[in-house]
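A closer look at the structure
Now for the letters of each chain:
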Amino acid sequence: MEKIGAMLQQDGQRRAAASAVAFLSRHAPFNKMDPESLQWFAEKAQIVFYPAGNLIVGADSGTVRYFYLIESGKVQARQAGEVVVTEYSILSHGPGESFPIGAVTAGRPSTNDYTALEDTFCYQLPAEDYLTLMAKSPEFNLFCTQYIASLLDQSRRQLQAQFAQKASEQQTLNSPLAGIGTRNPLAVLPETPLRDAFQAMSQANVGSVVVVDGEQKPMGIFTRSDLLDRVVLAELPLTTAIREAMSPSPTSLNEHATAYDAMLAMAKEGIRHVLITDHAGALSGIVSERDLFALQRVGLRQIRQTIEAAPDVDALKTAAADVRQLSFNMLAQGIGAEQLTQFISALNDALTRRVLQLNLERHDFSGIDWCWLAFGSEGRDEQTFSTDQDNGIVFQVPPGEDQAELKKRLLAFALEVNKSLDQIGFPLCKGDIMASNPQWCLTLDEWRNQFTEWIRVPEPVALLNASIFFDFRPLYGKVELADSMRRHLLHQAQAMPVFLQAMARNALDVAPPLGKIRDFLTDLEADAPGKIDLKKYGSRIFVDVARIYALAAGVHSTNTLQRLRLSAQKMNIRGDEINAVLDGLNFIQFLRLQHQYLNGEPGRQGDNLIDPEKLNELDRRILKESFRQARKIQSRLKLDYQVNH
Amino acid sequence: MFGIKKLFSGVAEAASLPADVRAALTDWQARVVDDLESTHFLTRYVVLDIVTDGPDPERHRLTGLAATEVHRGVVAPARSMYLDLLEVADEEDRARRLTAFLQFIGKAPLVVFYAAYVGGFLLPALRQHLGLSLQPRWVDLAWLLPALFADKSHQPMPLDDWLQLFGLDPGEGRRSPNENCLALARLFQMLVVRAHSKGVDTVAALIEESKASSHLRRSH
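Keep in mind that what you see is a predicted model, and the values were worked out from it rather than measured. (Residues numbered from 1 in each chain as written. Chains lettered and ligands numbered in written order. Predicted model: local features only at pLDDT ≥ 70, side-chain atom pairs only at ≥ 80, totals over all residues. Heavy atoms only, no water.)

**Regarding the overall build of chain B**
Of the regular secondary structure elements, chain B holds eight helices and seven strands. For chain B, buried positions account for 55% of its 220 residues. For chain B, contacts bridging at least 24 residues in sequence account for 68% of all contacts bridging at least 6. Summed over all atoms, the accessible surface of chain B reaches about 9900 Å², with 54% contributed by carbon and sulfur. (Helix = DSSP H or I, 4+ residues; strand = E, 2+ residues; numbered from the N terminus. Buried < 20%, exposed > 50% of the residue type's maximum accessible area, 1.4 Å probe, protein only. Contact = heavy atoms within 4.5 Å. Areas by Shrake-Rupley, 256 points an atom, 1.4 Å probe, with all protein chains shown as cover.)

Structure below.
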């Protein structure tokens, strides 16, 4: 009788779990978990109701006994204790979100009070079952330990899927090798004399021949470039079997591997061909480096070559368009925001350098030390698709030269460069932060004095200028001049704590758009209701905080991620803590890039205004988490610089 | 008042029940109502749903039974039952399974949607196969919801309409009887909170409320 009872209960439990499984499979990270783990979660989790206003779990509830997953309703998290209870520490969670992950993992009391804001149903999983699930499911484990990093990854994959459609007219690096390169390549047996092999190559008009055994399995490869070293110079008679001259054990990949895998293999092993084999290991094709670049349509190397060899500004225009196209492709392939912005910056640098070189053909500054500087996002190596010019010049007057005369010549040169850059797609700066503006074409001493002045009298305009010009980076010319500016800047800034405090106050003027009840505040921009400016209320917050810490810690980098990483080291901020911040910034940058790509029109500057309602649920949650990270570093800055707003 | 009377009135099946079933039924009968029923929180409720092969108890049969426990404010899928009456091997097997189900229910008050309908199938089946006359304490959501949530609807409504009114996802397609139990359990949890605020603090009071509402709304 007991056995029957247990059987009926097992059946009931399995069936009752179905609705929970259905719910779980709609939400990250559960939708990525294996069915067995999901079923397990669904059978163990209890369903609990919390009427609006009721405390679910709090700092005073003792060691957390359950992991909670919101099924419906809304839960407010509020930081407990005497620590500044400001709007900084309140946020709300919705369906699909879980809490308190840190506390239940660590087996400690929660630091937040979680209260039902509306009538709320939660699944509650007992702590011991939660820990078992972490051991059982790698996806769940990843989710809990790398809360936002794992979400970020999933979002990137979703994006890849989203882009797949857009990129469908062209094959991408994600295409399987089965459809790429040459089918049925020329192949010979190992005993084939060299002469016969060469004749076959010549007849087929190909540069390589694969050596296969009786079962068509690749044994080696011989390419035209081997001819000189291995045959001619080695004085090998043409009657020799090709096995003596071939490169043995050639790299091969299965037809199902992707073009990306092939590219990786080529890069890793320094080879130009990868053989393709079928399920039985027999040769079915060959893919060359050229095939892969053709696949990308625009390859990195070609772009660089085109840029460096461009005879005039018109030719650069095409290259600049290619840079954009390639960046889009990379975004579609799921390259992270950090790499992508650096990549864009690197190619834009190459473009700018070539523009400078071309214009230098009409201007002679031999014997003069000068350097072209990039400011703002370009200076920080974090350019997005739409970016205008921010540049300047630093120079030194050689003895016997007239400063005013030299400056005039430099300004004339700079004006042409600014115009050329505008022509190839970097619009002129609306604020006139350009080298052709006499204000920003200065001698080393003038720059130093300017910096000192801004630091000594940190009035609003000075602070605004600091936020642009302190992120300078040398692009062309005498780099030492920029180094000297940097040393001066760091020295001055560190000697004036009042300046850093003023910068901190300024940086705290804008808060991330997190609502107390709603997820996001979308009414901050009067002319864009319902939208969030991801630059103003997102990335800039990170950028501003990073600048202050870099100046305080004497970090030379201008890149925000680098600044945060390096100053965190110097200031003993925990690694995982700073990584979460960096992930937050990366995600916001990623959304900006994605938005500029999907909404941008050719020839027009994209904006940074996104409508959070239009994001998918996952992205919305990560964005929320990213803003929380922004709030976190702001709180830290506030504390460190004793800013009381 | 809530006891179970065994009817011997010549029901042949009852006498022919296997020994283990008879022993289990005697045990079950000897059980007393939990004396911890001072509040809803402490009361062990069982949510019940049935499957039939048609709507009319006179002509159609009970084919399945599902139940889930609600206790100490928690609905636990792990404390659920499902009995498929179409799968039974023979009369003995059926009796055993029904008894096992009965053991799970214990003497708990039964939370259902339309007690008359559920009882119309369940009670004759128990009488026929176990020789039992069950007199459940029904907590009938169909009548309690309009009584306690008159602000939402004063009249009885289909279950899905209630779920939607409360912002609960009725799900797509047909729910299994166990999923139905969970949906009822959710409504019941909300109902208990409302009942408390109206001073309906015990299971006895809740059952009275259920009866009164049924009477009031039926006779108008």
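**Considerations on the overall build of chain A**
If you tally the helices and strands in chain A, you get 23 helices and 22 strands. Out of the 645 residues belonging to chain A, those deemed buried represent 55%. With an accessible surface of roughly 28800 Å², chain A has 49% of that area assigned to carbon and sulfur atoms.

**Focus: the pairing of strand β12 (residues 218-223) of chain A**
All names here are of chain A. In this sheet, β12 lies alongside strand β11 (residues 208-212) in antiparallel orientation, the contact comprising five bridges. Residue pairing across strands places V210 opposite I221, the latter belonging to β12. Bridge analysis of β12 against strand β13 (residues 247-248) gives two bridges, and the strand direction is antiparallel. Following the sheet pairing, I221 is matched in β13 by S247. (Pairing = 2+ DSSP bridges.)

**Topic: helix α3 (residues 91-105) of chain B**
Residues and elements named next belong to chain B. Taking 1.5 Å as the rise per residue, α3 with 15 residues should run 21 Å; its terminal C-alpha atoms sit 21 Å apart, in good agreement. Among the 15 residues of α3, 11 are classified as buried, and the element is accordingly described as predominantly covered. Within α3, the full set of buried residues consists of D93, R94, A95, R97, L98, T99, A100, F101, L102, F104 and I105. Capping the start of α3 is the job of one residue whose side-chain oxygen sits 3.2 Å from the backbone nitrogen of E92: D90. Looking one or two places after α3, you find G106, whose phi comes out positive at around 60°. (Expected span 1.5 Å × (residues − 1). Polar contact = N/O pair within 3.5 Å; in protein donor to acceptor, adjacent residues only side chain to side chain.)

**Some details on helix α21 (residues 560-570) of chain A**
Residues and elements named next belong to chain A. Turning to α21, its buried residues number three or more, namely T560, L561, R563, L564, S567 and A568. Seen from one end, α21 has its buried residues packed into an arc of 160°, which puts them on one side. Of the exposed residues in α21, the ones pointing more than 90 degrees away from its buried face are Q569 and K570. As for α21, its buried residues are in contact with α13 (337-360), α20 (535-553) and α22 (575-599). (Arc of directions from axis to C-beta.)

**Observations concerning the pattern of salt bridges**
All names here are of chain A. Enumeration over the complete set of coordinates arrives at 30 salt bridges over all chains. Ionic pairing is found between K624 and E97, a salt bridge with its closest N-O pair at 3.0 Å. With K624 in helix α23 (residues 617-640) and E97 in the loop between β5 (90-93) and β6 (98-99), this pair connects stretches of sequence that are 527 residues apart. Linking D471 and R563 is a salt bridge whose minimum nitrogen-to-oxygen distance equals 2.8 Å. Placement of D471 in the loop between α17 (460-469) and β20 (473-477) and of R563 in helix α21 is noted, with a sequence separation of 92 residues between them. Summarising the burial analysis for this pair, D471 and R563 share the class buried. Bridged by salt links that share partners, the residues R380, E382, D471, D544, R547 and R563 form one connected network. (Salt bridge = Lys/Arg side-chain N within 4 Å of Asp/Glu carboxyl O.)

**Focus: the interface of chain B and chain A**
Counting from both sides, the interface comprises 31 residues of chain B and, opposite them, 28 residues of chain A. For the pair chain B and chain A, the two sides together bury roughly 2500 Å², of which 65% comes from carbon and sulfur. Sorting the residues of chain B by area buried against chain A places P77, Y82 and R186 of chain B first, and these three jointly supply 23% of that buried surface. Put simply, chain B and chain A have one salt bridge between them. The closest approach of N and O atoms between E71 of chain A and R186 of chain B, which form a salt bridge, is 2.7 Å. Connecting chain B to chain A are seven residue pairs in polar contact (both at pLDDT 80 or more). Of all elements in the fold, only α2 (19-30), β4 (74-84), α3 and α7 (177-197) of chain B reach the threshold of two or more residues within the side of chain B that touches chain A. At 10 residues, the largest contribution of residues to the side of chain B that touches chain A is made by β4 of chain B. Looking at side-chain class alone, the side of chain B that touches chain A contains 17 nonpolar, seven polar and seven charged residues. (Buried area = accessible area lost by both parts, 1.4 Å probe. Nonpolar A, V, L, I, M, F, W, Y, C, P; charged D, E, K, R; others polar.)

**Regarding the sheet that holds β12 of chain A**
Residue and element names in this part refer to chain A. Read from one edge to the other, the open sheet built from four strands follows the order β10-β11-β12-β13, with strand pairing classed as mixed. A single partner strand is all that each edge strand has here, and the edge strands are β10 (187-188) and β13. With respect to the sheet, helix α8 (residues 224-232) is in contact with β12 and β13, its orientation differing from that of β12 by roughly 85°. (Axes fitted to C-alpha atoms, helices over the stretch in contact; angles between N-to-C directions.)

**Regarding the packing of helix α1 (residues 2-24) of chain A against helix α2 (residues 35-44) of chain A**
All names here are of chain A. Relative to each other, α1 and α2 sit at 110°, their axes nearing to 8 Å. Here α2 runs roughly perpendicular to α1, going by the angle between their axes. The element α1 and its partner α2 pack so that their crossing is right-handed. Each of Q13, R14, A17, A20, V21 and L24 in α1 lies in contact with α2, whose residues at this interface are L38, Q39, F41, A42 and E43. A per-class count over the contact of α1 with α2 returns seven nonpolar, two polar and two charged. (Parallel < 35°, antiparallel > 145°, perpendicular 65-115°, else oblique. Left-handed = near helix turned anticlockwise from the far one by under 90°.)

**Here's the deal with the environment of T26 of chain B**
Take T26 of chain B: it is sitting in helix α2. At 2.7 Å, the side chain of T26 of chain B forms a polar contact with the backbone oxygen of R22 of chain B.

**Re the confidence of the model for chain A**
All names here are of chain A. Of all residues in chain A, 90% have pLDDT values of 70 or greater, and the mean over the chain is 85. The weakest mean pLDDT in chain A belongs to helix α6 (residues 147-166) at 55; the strongest belongs to strand β18 (residues 391-395) at 97. Long-range and interchain partners of residues 82-89, a stretch whose pLDDT sits below 50, account for 14 contacts in this model, where long-range means more than four residues apart. Note on residues 164-170: pLDDT under 50 across the span, and seven contacts to partners over four residues away in sequence or across chains. (pLDDT = per-residue confidence, 0-100.)

**Concerning the pairing of strand β17 (residues 370-374) of chain A**
Residue and element names in this part refer to chain A. Counting buried residues along β17, five of its five residues qualify, which places the element largely inside the surrounding structure. Here β17 shows two buried faces, one formed by W370, W372 and A374 and the other by C371 and L373. In this structure, β17 lies alongside β18, joined through five bridges in antiparallel fashion. In the sheet register, W370 faces β18, and the bridge partner there is F395. Sheet topology places β17 next to β20; four bridges connect them, and they run antiparallel. Along β20, the bridge assignment pairs W372 with Y476.

**Details of the side chain of R563 of chain A**
Classification of R563 of chain A by relative accessible area gives buried; the value is 3%. Leaving out residues up to four positions away in the same chain, R563 of chain A has contacts with R380, F470, D471, A546, R547, A550, V555, S557 and T558 of chain A.

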